[in-house]
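# Structure assessment
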Amino acid sequence: MSSHPVTVTINGVEYEREVEARKLLIHFVRDDLDLTGSHIGCDTGNCGACSMIVDGTLVKSCMMLAVQADGATIETVEGLADGDQLSPLQRSFSEHHALQCGYCTPGMLMSATALLRENPSPSEDEIRKALQGNICRCTGYWNIFEAVKAVAK
Amino acid sequence: MTIAPEKHEVAVPTKTWQGQNVPRKEDKRLTQGQGVFVDDVKRHGMGYIHFVRSPYAHAHITSIDVGAAEKLKGVYGTLTGEEVASLTDPFFQLSTPPGAHIKDYALAVGKVRYVGEPVVAVVAETRELARDASELVEVEYEPLEAIVDARVALDDAKPVLHEDSGSNLMWEGVYEWGDLDAAFAEADKVVKISELHFHRFNSTPLECDGAVVEYNRGVGQWTLYTNNQFPGFAQIMMGPAMRCGLDKLRFVTQDIGGGFGNKITSHPQLVACCLLARKLNRPVNWTEWRTDFHLSMSHGNERWFLDTEVAVKNDGTLLGFRTKALDDAGAYLRYEPLGGVIWAQVTPGMYKWRHIRLDFTQVATNKAPCSPNRGYSRMQHLWFTERVIDIVAKELELDPVEVRKKNYVKHEDMPYETPNGCVYDSGDYAKMLDVALDLIGWNDVAKRKAEAGERGKLLGVGIGSTLDSGTNNFGQSRMINPELQFSGNNEVATVKLDIFGEIVVTLGTTPQGQGHETTAAQVVADILGCSVDDVHVRAGHDSYWNSHAGFSGTYASQFAVTGLSAVKGATEMLAEQIKRLGSVILGGVPEEALELAEGTVRIKDNPEAALPFMACGAIINANNAGLPEDLDVTLNCRYVYRPPFEVPDVERKFGNLTLTYAAQIHAAIVEIDPETGYYEIVDYAAVDDCGVRIHPQIVEGQVMGATAQALGAVVHEAFEYDEEGQLLTPNFYDYHVPHALDMPPLETGYIESASPFTPLGTKGMGEGGGAGIHAVCAALQDATGHVVYDSWNPYKRVWELVNKPRDVVEVTAA
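Residues numbered from 1 in each chain as written. Chains lettered and ligands numbered in written order. Predicted model: local features only at pLDDT ≥ 70, side-chain atom pairs only at ≥ 80, totals over all residues. Heavy atoms only, no water.

## Comments concerning the overall build of chain A
Scanning chain A from N- to C-terminus turns up 5 helices and 5 strands. Reading chain A from its N terminus to its C terminus gives the helix and strand order β-β-α-β-β-β-α-α-α-α. In summary, chain A has a C-alpha radius of gyration of 15 Å against a globular reference of 15 Å for 153 residues, a match within 12%. When the 153 residues of chain A are sorted by exposure, 59% land in the buried category. Working note: accessible area of chain A is about 5700 Å², and carbon and sulfur atoms make up 47% of it. (Helix = DSSP H or I, 4+ residues; strand = E, 2+ residues; numbered from the N terminus. Rg over C-alpha atoms; globule rule 2.2 N^0.38 Å. Buried < 20%, exposed > 50% of the residue type's maximum accessible area, 1.4 Å probe, protein only. Areas by Shrake-Rupley, 256 points an atom, 1.4 Å probe, with all protein chains shown as cover.)

Here's what the structure looks like:
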């Protein structure tokens, strides 16, 4: 299996590693870089637990090879808070009980973050559409919609 | 009792922390990706396990060759069924014969019995390499006919899955209470329902199963970092099989990504992990893939209700029923046949009928093994009773609301003893129904039906109810097998005051999102007179902590009773000790004159005379010279909560099987396009009563989550198999769980009927979502005018319901 040098900047930190060509971005981030905040919930790109923002675009990082991310700037859940200060969206998730087990939460937060950057005042319908790629098995989504709505301008 | 539509309220500091929506302690780490889930755990030199799985539903294994796999560079080793059979004994079986004779191991031995059954385990230095190597394992099979329909499993012409059992019958039992003959003699009508079917699905937690296991050779002990949600049960299964004491199996968890019962029976895979960690002398990681989970883990019980007869009066009074429940356990009994008795916790549902007979038969089929799934075994039975209510109402042309109200167990009858000796602790079902009907807009339904009809649509409304029986009396297992030495229940907590006054709580539970750290802190803070912020509740579970017992875990709707009662007991012990110490230090003031407040023990009449907790902790732990010899104070208190249970009467199958009965009444409105069968749930209401609510927001979150799972199950989710036993829904493409766009508008409501049987007035809750399945089935029946006979109603079945209805009901004069 061929290896390739890959350089990525994640949450402002640059990482340089040799990576097997077939390694998925999510496995690279979790296993090689020890950034375990992003999760894996399926094998098929359905669940969104691995969602990250790559060069400004929301992606499911299980649907992308690590080598494809060479040179990219990546944002993950670990970068949302400012030091110890949670972002308004993170606080809102807690206030609205928009998480239970917390396994889908990192991906859900990244999808909602991407939405609010592009559309700071989404309607409920737009929120639902933006989150349809993220599966949550605990909450039924209702409180997640409320949490996102509460930080929309 | 309070009645109010649920509203989010901002936490207002009041006299008690209990009852407030305080911020969840878990959220800070979980919103930052700082949780520690099992696959986040890493160890030096760790190998990754990949299971080679059976492609056949039923086959003899004729040969296994791991040679090529083991030669691959980077492969650490393998494990086969043959090795497992020599190193371990078959798992202990709960059943009486014939199910008792099953031989179930960590890997298939000699034969495979479902698609996806683990046959060989391969360990390599990366996940990818382990997968590659598993492709090199050569397994030869001799395929056999597969049984995928429980209704033919007992036919003589069909092959037998487990030769040691001699039959595909696993367990059977007859339950009969009251006087059936008298009930049918008294009846005006007998409603006969030939066949009802509850389908196979589960809750598909987003995190699959997994473990990191390391073996300490010097002391012969394994440490299992795992998301198994019932370590007590796993230990009991694993220890005897592995020929080791339970102390050699240390279970550790921090965060678990959803469980819903589906993570109770991972013990076979955990045994394989343990054997490999020892054999290869290195830590191993097993992280289940989504497809593996769907193929092999914890399907919910599929159940048929055959030849049902219901005795009713013309006015809708329900007298009794008889039915034959045929339960499909799948290929192995991993927690089964307990499903054969768990349903009996809610035998009559919410209704007063006293004459009931149920013949329970459980069979093995070539499908994944069944195990608990949210609402375990009761959901199937309550779906049946709710179907009966609505079918009776339809056939007798009565109002389903009136039939329910006529037959409900009444508020004034509580506590109510059911025909089989269970005691419904409290509740007011009629009141709950009124709240649900109000929330759904019952009075406008006729108008809405007419309006939908003008658009060519069919609109219908339905009600669904569940009882979320919580805190098991494990004595019920003896109705399955009188030899079993289980009864009662227990849970443990420890609370201590450390050197610098830290209040440290350890739990025996394995939470998966239920917020135990938060609610435990609320209970502690109220007793110790401090803030919830001052209470540190350790995250997760570690069987090295002295805070677990045989039934510790998180399952079966019980934390608010067992877990919090243990916390309450331990904290009260600590409070008493703090006062005893305070009495000495403050100069012999009587303990009755002391109070705990603001993080101190102080004299009630002179709050200036106060000893801070920090001083208490320091004195006992680090500065104790000169204390009176007879001062028995450790400030480290362990309490075991043991609910008040008797061993049930096994002969009569009679006794109190659970301590509390939370109740749910849901209502749904559906709108169907009769041309295609496509339908939408256009309005939905969920009303819950779980007694005293410690944290209303968490309670409502459980209600919402359970509702969403029910709506997914009734419309979309099914583990469908083809005739050869291939699973057709092995991933989230084919197994459609609800997405953000699928969610209907939701109204929630509640009443609070405190349980008279529990220390905090609470009832366990969280599993009541089955009501959503019942409500949608009833609404589809109302909209189409045809009897709904299956719990799974995808659009294709609803099209059939409209265009080719099945005739499953007959009404005769008694």
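Moving on from the model shown.
## Details of the domain arrangement of chain A
Residues and elements named next belong to chain A. Here the domain parsing of chain A yields domain 1 (3-78) and domain 2 (88-151). A separation of 21 Å is found between the C-alpha centroids of domain 1 and domain 2. Contacts between the two partners involve 16 residues from domain 1, matched on the other side by 14 residues from domain 2. The tally of links from domain 1 across to domain 2 stands at 1 salt bridge. E75 serves as the salt-bridge partner of R117, at 2.5 Å between the closest nitrogen and oxygen. For the interface between domain 1 and domain 2, the tally reads 6 residue pairs in polar contact (both at pLDDT 80 or more). (Domains from an automatic or database assignment. Contact = heavy atoms within 4.5 Å. Salt bridge = Lys/Arg side-chain N within 4 Å of Asp/Glu carboxyl O. Polar contact = N/O pair within 3.5 Å; in protein donor to acceptor, adjacent residues only side chain to side chain.)

## What about the layout of surface pockets?
All names here are of chain B. Roughly 540 Å³ of internal volume is contained in the largest pocket. What lines the largest pocket is a set of 21 residues, among which R151, H197, E302, W304 and R797 lie closest to the centre. Elements with a minimum of two residues in the lining of the largest pocket: β9 (189-198) and β14 (302-312). In terms of residue count, the dominant contributor to the lining of the largest pocket is β9 (3 residues). Looking at the lining of the largest pocket residue by residue, the classes come out as 9 nonpolar, 2 polar and 10 charged. (1 Å grid on protein atoms, 1.4 Å probe; cavity = no way out; pocket = protein on both sides within 12 Å on 5 of 7 lines; lining within 4 Å. Points joined across faces, edges and corners; volume = space filled by probe spheres on them. Nonpolar A, V, L, I, M, F, W, Y, C, P; charged D, E, K, R; others polar.)

## Considerations on the pattern of salt bridges
In total, this model carries 60 salt bridges over all chains according to the counting rule given. We note a salt bridge from D31(A) to R127(B), for which the minimum N-O separation is 2.7 Å. Of this pair, D31(A) sits in helix α1 (residues 25-32) while R127(B) sits in helix α4 (residues 127-136), which puts the two residues in different chains. The burial state of D31(A) is the same as that of R127(B); both residues are buried. Residues joined by salt bridges that share partners form a network here, namely R30(A), D31(A), D39(B), D40(B) and R127(B).

## What about the interface of chain B and chain A?
With 52 residues of chain B at the interface, the matching set in chain A holds 51 residues. Between chain B and chain A lies a buried interface of about 4600 Å² when both sides are counted; carbon and sulfur atoms form 54% of it. Remark: the boundary between chain B and chain A carries 7 salt bridges. Notably, a salt bridge pairs D40(B) with R30(A), separated by 2.8 Å at the nearest N-O pair. Between chain B and chain A we count 28 residue pairs in polar contact (both at pLDDT 80 or more) in total. Only α1 (27-30), α4, α8 (290-296) and α18 (696-715) of chain B provide two or more residues apiece to the side of chain B that touches chain A. Here the side of chain B that touches chain A takes 9 residues from α18(B), the largest share from any one element. (Buried area = accessible area lost by both parts, 1.4 Å probe.)

## Considerations on the nonpolar core
General note: in soluble globular proteins, nonpolar side chains tend to be found buried as a group. Formed by 206 residues in total, the largest nonpolar core has its most connected members in F93(A), V148(A), M238(B), Y429(B) and I773(B). Formed jointly, this core draws a minimum of three residues from each of two domains, domain 1 (3-78) and domain 2 (88-151) of chain A. With sequence-adjacent residues up to four places away left out, M238(B) is seen in contact with L224(B), L249(B), F251(B), H267(B), L270(B), V271(B) and C274(B). Counting residues in hydrophobic clusters, the runner-up holds 47 residues, among them A493(B), I603(B), V633(B) and Y641(B). (Core = buried A, V, L, I, M, F, W, Y, C linked by side-chain atoms within 4.5 Å.)

## Here we look at the sheet that holds strand β12 (residues 249-253) of chain B
Residues and elements named next belong to chain B. Overall, mixed pairing links the 8 strands, which are arranged β4-β6-β2-β13-β10-β11-β12-β23 in an open sheet. The open sheet has two free edges, formed respectively by β4 (75-80) and β23 (541-542), since each of these has just one partner strand. Bridging between strand β10 (residues 210-216) and strand β13 (residues 284-287) involves 4 bridges; their strand directions are antiparallel. Counted as the bridge partner of V212 is N285 from β13. (Pairing = 2+ DSSP bridges.)

## Focus: the state of the cysteines
Residues and elements named next belong to chain B. One pass over the structure, following the stated rule, counts 0 disulfides over all chains. Between C274, a free cysteine, and C273, which holds the nearest cysteine sulfur, the sulfur-to-sulfur gap is 6.9 Å. Not part of a disulfide, C637 finds its nearest cysteine sulfur in C616, a span of 12 Å. (Disulfide = S-S within 2.5 Å.)

## With respect to helix α3 (residues 105-118) of chain A
For an α-helix the count is 3.6 residues per turn, leaving residues at separations of three or four pointing the same way. All names here are of chain A. For α3, which comprises 14 residues, the first-to-last C-alpha distance of 20 Å matches the rise-based estimate of 20 Å (1.5 Å per residue) to within 8%. The element α3 is extensively covered by neighbouring structure, given that 12 of its 14 residues are classed as buried. The complete set of buried residues in α3 reads T105, P106, G107, M108, L109, M110, S111, A112, T113, A114, L115 and L116. (Expected span 1.5 Å × (residues − 1).)

## Considering empty space enclosed by the protein
Within the structure shown, the criterion is met by 12 cavities of 30 Å³ or more. As for the largest cavity, its lining consists of 48 residues, of which Q514(B), S557(B), Q558(B), M765(B) and G766(B) are closest to the centre. Breaking the lining of the largest cavity down by element, the ones donating at least two residues are β19 (458-472), α15 (516-528), α16 (559-585) and α18 of chain B. By residue number, the principal contributor to the lining of the largest cavity is α16(B), which donates 4 residues. Computed from the structure, the second largest cavity encloses a volume of approximately 260 Å³. In terms of lining residues, the second largest cavity is bounded by 23 residues, among which D39(B), R127(B), T287(B), E288(B) and W289(B) are the most central. Of all the secondary structure elements, the ones that give two or more residues to the lining of the second largest cavity are α1 of chain A together with β2 (47-53), α4 and β13 of chain B. Classifying every residue of the lining of the second largest cavity gives 10 nonpolar, 5 polar and 8 charged.

## Here we look at the confidence of the model for chain B
All names here are of chain B. In the predicted model, chain B carries a mean pLDDT of 96, and the fraction of residues at 70 or more is 98%. Across residues 4-13, confidence stays below pLDDT 50; counting only partners more than four residues off in sequence or on other chains, it has 19 contacts. Reported for the predicted complex are a pTM of 0.96 and an ipTM of 0.98. (pLDDT = per-residue confidence, 0-100.)

## Some words on the side chain of T600(B)
Residues and elements named next belong to chain B. Looking at the secondary structure, you find T600 in strand β25 (residues 600-603). A distance of 2.7 Å separates a polar atom in the side chain of T600 from the backbone oxygen of A597. Excluding anything up to four places from it in sequence, T600 contacts E595, A610, L611, P612 and F613.

## Here's the deal with the packing of α15(B) against α16(B)
All names here are of chain B. Where α15 contacts α16, the two axes come as close as 9 Å, and the packing angle between them is 35°. α16 is crossed by α15, and the crossing has right-handed handedness. Along its contact with α15, which presents H516, T519, A520, V523, V524, I527 and L528, the element α16 presents F559, L564, V567, K568, T571, E572, L574, A575 and I578. Each residue belonging to the contact of α15 with α16 can be placed in one class, and the counts come to 11 nonpolar, 3 polar and 2 charged. (Axes fitted to C-alpha atoms, helices over the stretch in contact; angles between N-to-C directions. Left-handed = near helix turned anticlockwise from the far one by under 90°.)

## What to know about the pairing of strand β16 (residues 355-363) of chain B
All names here are of chain B. With 7 of 9 residues buried, β16 lies mostly within the body of the structure. As defined by bridge partners, strand β8 (residues 169-177) adjoins β16 across 8 bridges and the pair is classed as antiparallel. Bridge pairing in β16 places L169 opposite V363. Bridge analysis of strand β15 (residues 318-328) against β16 gives 9 bridges, and the strand direction is parallel. Bridge pairing in β16 links K324 to D359.

## Comments concerning unusual backbone geometry
Most peptide bonds are trans, and most residues other than glycine sit at a negative phi. Here the residue pair E336(B) and P337(B) is connected by a cis peptide bond, since its omega of 10° sits within 30 degrees of zero. Residue position: P337(B) is located in the loop between β15 and α9 (339-342). Here the amide bond leading from M414(B) into P415(B) is cis, since omega sits at -10°, within 30 degrees of zero. Looking at where P415(B) falls in the secondary structure, it is placed in the loop between α11 (400-407) and β17 (416-417). Phi at D34(A) takes a positive value of approximately 60°, unusual for a residue other than glycine.

## Section: the environment of N793(B)
Residues and elements named next belong to chain B. Turning to its location among the elements, N793 is positioned in the loop between α19 (770-784) and α20 (795-803). Assessed through its relative accessible area of 1%, N793 is described here as buried. In sequence terms N793 and V715 are 78 residues apart; their C-alpha atoms lie 5.2 Å from each other. When residues no more than four places from it in sequence are discounted, the contact partners of N793 are Y679, V714, V715, C777, L780, V788 and V798.

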